[in-house]
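Listed below, chain by chain, are the residues.
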Amino acid sequence: MKRVYLAGPFFDDEQIDRIERLEKALADNETVSEFFSPRTEVHDEFEFGSKEWAAAIYKGDKEHLDPAEVVVAVIDYDNDYVDPGTAWEIGYSEAMNKPVILVKEKEGAINLMISSPAHAVVTDAAEIASYDFDKLPANTWTGKTF
């Protein structure tokens, strides 16, 4: 069983819905021992957008990313572009040799710096509920790349 970090944007209703579906899929997956979703840590003790708030969010996210064994990263954000925070989490995970499973439900291209190192790509959040995080089956992105 694996510890999983869920990276992805949650700035509008569509993004929140996708993250919530992934949280449920991870909770239902028998090969996931635990997962962390940054959406659940808001740090209301600090003013939103303040330096203190930003430092607390960064520290907390990194403290959960470091022990994670696998990263699930939602790359649907703005057209073909990835949320900057999610892109950082993907790059950091790659540098730490952690497999990254991309979730791309919307049609479109993926930047080569995201698609090339990805361990696997799924096109429906529901697939995460049955993905075998112990065996980590790999696949490559076959869509458009830029």
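Residues numbered from 1 in each chain as written. Predicted model: local features only at pLDDT ≥ 70, side-chain atom pairs only at ≥ 80, totals over all residues. Heavy atoms only, no water.

For the chain, an unreviewed UniProt entry supplies the name Nucleoside deoxyribosyltransferase and the organism Weissella bombi.

Another point: unusual backbone geometry. Comment: phi is negative for the bulk of residues other than glycine, and the bulk of peptide bonds are trans. Positive phi, normally seen in glycine, also occurs at histidine 43, with a value near 55°. Tracing the chain through its elements places histidine 43 in the loop between strand S2 (32–36) and helix H2 (51–65). Despite not being glycine, leucine 136 has its phi angle at roughly 50°, a positive value. Examined against the element boundaries, leucine 136 turns out to sit in the segment after strand S5 (120–122). (Helix = DSSP H or I, 4+ residues; strand = E, 2+ residues; numbered from the N terminus.)

Empty space within the largest pocket amounts to approximately 470 Å³. Lining the largest pocket are 21 residues, and of these Phe10, Phe11, Pro38, Ile57 and Asp61 sit closest to its centre. Elements supplying a minimum of two residues to the lining of the largest pocket: H2 and helix H3 (84–95). When its residues are assigned to classes, the lining of the largest pocket shows 11 nonpolar, 4 polar and 6 charged. (1 Å grid on protein atoms, 1.4 Å probe; cavity = no way out; pocket = protein on both sides within 12 Å on 5 of 7 lines; lining within 4 Å. Points joined across faces, edges and corners; volume = space filled by probe spheres on them. Nonpolar A, V, L, I, M, F, W, Y, C, P; charged D, E, K, R; others polar.)

Before going further, it helps to examine the pattern of salt bridges. Two side chains of opposite charge can pair, provided their charged atoms sit close to one another. Per the counting criterion, the structure on display carries 13 salt bridges. Salt-bridge contacts for aspartate 17 lead to arginine 21; the nearest nitrogen and oxygen are separated by 3.0 Å. Taken together, the positions of aspartate 17 and arginine 21, both in helix H1 (residues 13–28) and 4 residues apart, correspond to about one turn of that helix. Judged by its relative accessible area of 33%, arginine 21 falls in the partly exposed class. Between aspartate 76 and arginine 18 there is a salt bridge, with the nearest N and O atoms lying 3.6 Å from each other. (Salt bridge = Lys/Arg side-chain N within 4 Å of Asp/Glu carboxyl O. Buried < 20%, exposed > 50% of the residue type's maximum accessible area, 1.4 Å probe, protein only.)

Counting buried positions over the 5 residues of strand S3 (residues 70–74) gives 5, a clear majority of the element. Residues Val70, Val72 and Val74 point to one face of S3 and Val71 and Ala73 to the other, with burial holding for every one of them. As defined by bridge partners, strand S1 (residues 2–7) adjoins S3 across 4 bridges and the pair is classed as parallel. For leucine 6, the partnering residue across the bridge sits in S3 and is valine 72. The sheet contact formed by S3 and strand S4 (residues 100–103) spans 4 bridges and is parallel. (Pairing = 2+ DSSP bridges.)

Now for H2. Working note: α-helix, 3.6 residues per turn, so residues spaced by three or four point in the same direction. Over its 15 residues, H2 runs 21 Å from end to end, which matches the ideal 21 Å to within 8%, given 1.5 Å per residue. If you check which residues of H2 are buried, you get Trp53, Ala56, Ile57, Gly60, Asp61 and Leu65. The buried side chains of H2 occupy one side of the element, clustering within an arc of 160° when seen end-on. Those residues of H2 that are exposed and aimed more than 90 degrees away from the buried face are Lys51 and Lys59. Where the residues of H2 are buried, they touch S1, S2, S3 and H3. (Expected span 1.5 Å × (residues − 1). Arc of directions from axis to C-beta. Contact = heavy atoms within 4.5 Å.)

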